Amino acid sequence: MDNLIEAIVLGIVEGLTEFLPVSSTGHLLLLGHFLGFESNGKTFEVLIQLGAILAILLVYFRRLLDIALRLRTDPTARRFVIGVLVAFLPAALIGAVLHGFIKGVLFNPFLVCCALIAGGLVLLVVDELELEVKHTDATAFPLAMYLKIGFIQCLAMIPGVSRSGSTIVGAMLLGASKRAAAEFSFFLAMPTMAGAFAYDLLKNYKILTFDDTMLIVVGFVSAFFAALVVVRSFLDFVSRRGFALFAWWRIIVGAAGLAGLWVFG
C-alpha cells in the first residue's frame, strides 16, 4: 500500500512537471530518493511518461489529425512533420548510444540538484533578455532551426536539465516567441518521450515483476490526469508571465535537495 501511494504521488509529480521547464526526471529522482522508492532499472521514472504522452495527444488530437489529413496535399504540413522528425533525431541517436551511461551514472541526486539550480539561473537570464522574435508559429520554423533545437534538447539527457526547458530556451535563443517555443516543446515531446518509453521498455521488460507493472500502471494514470491540467494552461501562462516562476522553483528545489542530501544522505 505504501508503494502504491508513492506511485500515485510520483505519477502526479511526473504529470505536473513533464511539460514545465523544471525537469520531471529530476523531480522524480529526488522525490524517489528521499521516499526510498526504488524501481528495477529506473524504469518506473521513464515508463510512466506514457501517461503524459497520452494527455498531450488528447489535447492536441484535432490539430494532429488536421496535420495528418493535410500531409498528402499540403507541403507546409509535410515540412512541419519533417521538422519534428529532424529535431527528434539527435536525441534518438545519442540517447540510444549513451543509454547505459545516462541511467548508470547521470541518474544521481547530487547531479540533479546542481542541474536544477544551473538550469534555473539560465532560465532567469533568458527570460529577461530582449530577444528578437522572428518566429511566432511553432509549425513554421526553418528546418535548420528544428535541427539545432534537437541538438540542444540532448542536454536534457542530464537529469535535472529538463527536456522542455532546454527545448524552450534553445528555441527562444534561435528567435522563437515564448509561446511558440513552449508549444514546439509539446510537439517534440511526443516522439521523444514515446521513443524513450519504447526503448526503455524493450531494454528492461524482462526484469519487470507483476508488482513493478502495477506501480507503473498507477503512476501512468496519475501522470495522465495531472498532465492534462498543465497542457491546457501552460501556454497561456507563459505568454503572460514568462518563465521566472519556474526558474525560481528549480533553484529552490535544487537547493532544498542539496540540503536534504547533506542532512539525510
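Further up the page is the structure itself.
The following refers to the structure shown. Since the structure is predicted, the reported quantities are computational estimates derived from the model, not experimental observations.

**Points about helix α6 (residues 75–97)**
Move 1: Under the 1.5 Å per step criterion, the end-to-end length of α6 is 33 Å for 23 residues, consistent within 8% with the ideal 33 Å.
Move 2: Residue F88 marks the point of greatest curvature in α6, where the axis turns by about 30°; the proline P90 follows within four residues.
Move 3: What α6 keeps buried is the set A77, F80, G83, V84, A87, F88, P90, A91 and G95.

**Structural notes on the environment of F19**
Move 1: Looking at where F19 falls in the secondary structure, it is placed in the loop between α1 (2–17) and α2 (24–35).
Move 2: For F19, a relative accessible area of 0% corresponds to the buried category.

**Regarding the layout of surface pockets**
Move 1: Of the voids in this model, the largest pocket is the one considered here, and its volume is about 690 Å³.
Move 2: Along the walls of the largest pocket sit 33 residues, with Q49, A156, M157, T192 and A196 positioned nearest its centre.
Move 3: Of the residues in the lining of the largest pocket, the class split is 16 nonpolar, 13 polar and four charged.

**Here we look at the packing of aromatic side chains**
Move 1: A full pass over the atoms with the stated rule returns 13 aromatic pairs.
Move 2: Ring centres of F141 and Y146 lie 5.5 Å apart, and the angle between their planes is 35°; on these two criteria the pair is classed as tilted.
Move 3: Here F141 falls in the buried class, since its relative accessible area comes to 0%.
Move 4: Since its relative accessible area comes to 0%, Y146 is described here as buried.
Move 5: On the basis of an interplanar angle of 70° and a centroid distance of 5.6 Å, the ring pair of F234 and F246 is categorised as edge-to-face. Pair noted here: F234 is in helix α12 (residues 210–241) and F246 is in helix α13 (residues 244–264), with a separation of twelve residues, a long-range link.

Rules of the game
- Residues numbered from 1 in each chain as written.
- Predicted model: local features only at pLDDT ≥ 70, side-chain atom pairs only at ≥ 80, totals over all residues.
- Heavy atoms only, no water.
- Helix = DSSP H or I, 4+ residues; strand = E, 2+ residues; numbered from the N terminus.
- Expected span 1.5 Å × (residues − 1).
- Bend = angle between axes of the 7 residues up to and from the residue.
- Buried < 20%, exposed > 50% of the residue type's maximum accessible area, 1.4 Å probe, protein only.
- 1 Å grid on protein atoms, 1.4 Å probe; cavity = no way out; pocket = protein on both sides within 12 Å on 5 of 7 lines; lining within 4 Å.
- Points joined across faces, edges and corners; volume = space filled by probe spheres on them.
- Nonpolar A, V, L, I, M, F, W, Y, C, P; charged D, E, K, R; others polar.
- Phe/Tyr/Trp six-rings, centres within 6.5 Å; stacked < 30°, edge-to-face > 60°.

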